[in-house]
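Observations on the three-dimensional arrangement
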Amino acid sequence: RTYAIVLQRIKEISHLSEDVSIDYYWTLLGYFNSIRELGSASSLVYGDIVERLGQIQNRDLITKDQKRHLNRIEELTSRISSSEIPAILKKLEANYTFGKTQSLDICLATNMVATGVDISRLGLMFIHGQPKTTAEYIQASSRVGREVPLGPGLIFTLYSSSKPRDKSHYE
């Protein structure tokens, strides 16, 4: 639900003015503590989030030109071959442009993204669960919001009440 509403609102903001630089928040970077958690979220992205976007658009009577579509979704994990990583990083660097865009909508990643990914156009991240160490949280969350003139990075941390570490940090 959170992915869908944020993605839709970013799309709506992009239509306010062509002067508004929405590229910074266009690509949602999802950070996961494990491949298992990422795998279950990946199936949600292709099914539930797309369906939820449709519900939001119908409920809010969103016009056709303001509807957010998820066309470009990638994964940055150890499940992909090392030869594919540079191509995915290039896709992450692709800027959002009005009309036909080549930029990614969502990139789901594990701790692979926490080191060495320095893409200045990323400004939106969801962290799923509290990482095992504070250093890992700092490393992961510092991947977004690197271009201060464009605005602050926006990071959502989604805790699970069924995980003791998440519950402890929330409390």
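Reference entry: report on the structure contained in this document. Since the structure is predicted, the reported quantities are computational estimates derived from the model, not experimental observations.

Topic: the overall build of the protein
Across its full length, the protein holds six helices and five strands. Mapped in sequence order, the helices and strands of the protein form the string α-α-β-α-β-α-β-β-α-β-α. Radius of gyration (C-alpha) of the protein: 16 Å, near the 16 Å computed for a compact globule of 171 residues. For the protein, the spread of C-alpha atoms along the three principal axes comes to 40 × 35 × 30 Å. Burial statistics for the protein: of 171 residues in total, 42% are counted as buried. Treating the 21 positive side-chain charges of the protein as one cloud and the 19 negative ones as another, the clouds have centres 4 Å apart.

Comments concerning the environment of Leu 53
Along the polypeptide, Leu 53 turns up in helix H3 (residues 35-59). As for Leu 53 and His 69, which are separated by 16 residues in sequence, their C-alpha atoms are 8.1 Å apart. Look past the residues within four positions of Leu 53 in its chain and what remains in contact with it is Ala 4, Gln 8, Arg 68 and Leu 70.

With respect to the nonpolar core
In this structure, Tyr 3, Leu 28, Val 45, Leu 70, Ile 106 and Leu 108 are the most contacted members of the largest nonpolar core, which totals 24 residues. Of all elements in the fold, only helix H1 (2-14), helix H2 (23-26), strand E1 (28-32), H3, strand E3 (106-109) and strand E4 (124-128) reach the threshold of two or more residues within this core. A total of six residues in this core trace back to one element, the largest contributor, which is H3. Leave out the neighbours within four places in its chain, and Ile 106 touches Tyr 3, Leu 7, Leu 28, Val 45, Leu 70, Arg 72, Ile 73 and Glu 74. Judged by nonpolar contacts, the second largest core, of 19 residues, contains Leu 92, Ala 109, Ala 114 and Ala 140.

Description of the sheet that holds E1
Pairing is parallel across the open sheet formed by five strands, whose spatial order is E2-E3-E1-E4-E5. Both edges of this open sheet fall to strand E2 (73-76) and strand E5 (154-158), since each of them pairs with a single strand only. In this sheet, adjacent strand axes meet at a mean angle of 20° when their direction is disregarded. Bridge count between E1 and E3: four bridges; the pairing is parallel. When the sheet's bridge partners are listed, Gly 30 is paired in E3 with Leu 108. The strands touched by H1 within the sheet are E1, E3, E4 and E5, with E4 carrying the most contacts at an inclination of about 175°.

A short note on the side chain of Arg 121
Mapping Arg 121 onto the fold places it in the loop between E3 and E4. Overall, the relative accessible area of 4% leaves Arg 121 in the buried class. There is a polar contact of 2.8 Å between the side chain of Arg 121 and the side chain of Asp 23. A polar side-chain atom of Arg 121 sits 3.3 Å from the main-chain carbonyl oxygen of Ala 94. Setting aside residues no more than four positions away along its own chain, Arg 121 makes contact with Asp 23, Tyr 24, Trp 26, Thr 27, Leu 92, Glu 93, Ala 94, Asn 95, Tyr 96 and Ser 103.

Definitions and limits used
Residues numbered from 1 in each chain as written. Predicted model: local features only at pLDDT ≥ 70, side-chain atom pairs only at ≥ 80, totals over all residues. Heavy atoms only, no water. Helix = DSSP H or I, 4+ residues; strand = E, 2+ residues; numbered from the N terminus. Rg over C-alpha atoms; globule rule 2.2 N^0.38 Å. Buried < 20%, exposed > 50% of the residue type's maximum accessible area, 1.4 Å probe, protein only. Lys, Arg positive; Asp, Glu negative; His and termini not counted. Charge placed at Lys NZ, Arg CZ, Asp CG, Glu CD. Contact = heavy atoms within 4.5 Å. Core = buried A, V, L, I, M, F, W, Y, C linked by side-chain atoms within 4.5 Å. Pairing = 2+ DSSP bridges. Axes fitted to C-alpha atoms, helices over the stretch in contact; angles between N-to-C directions. Polar contact = N/O pair within 3.5 Å; in protein donor to acceptor, adjacent residues only side chain to side chain.

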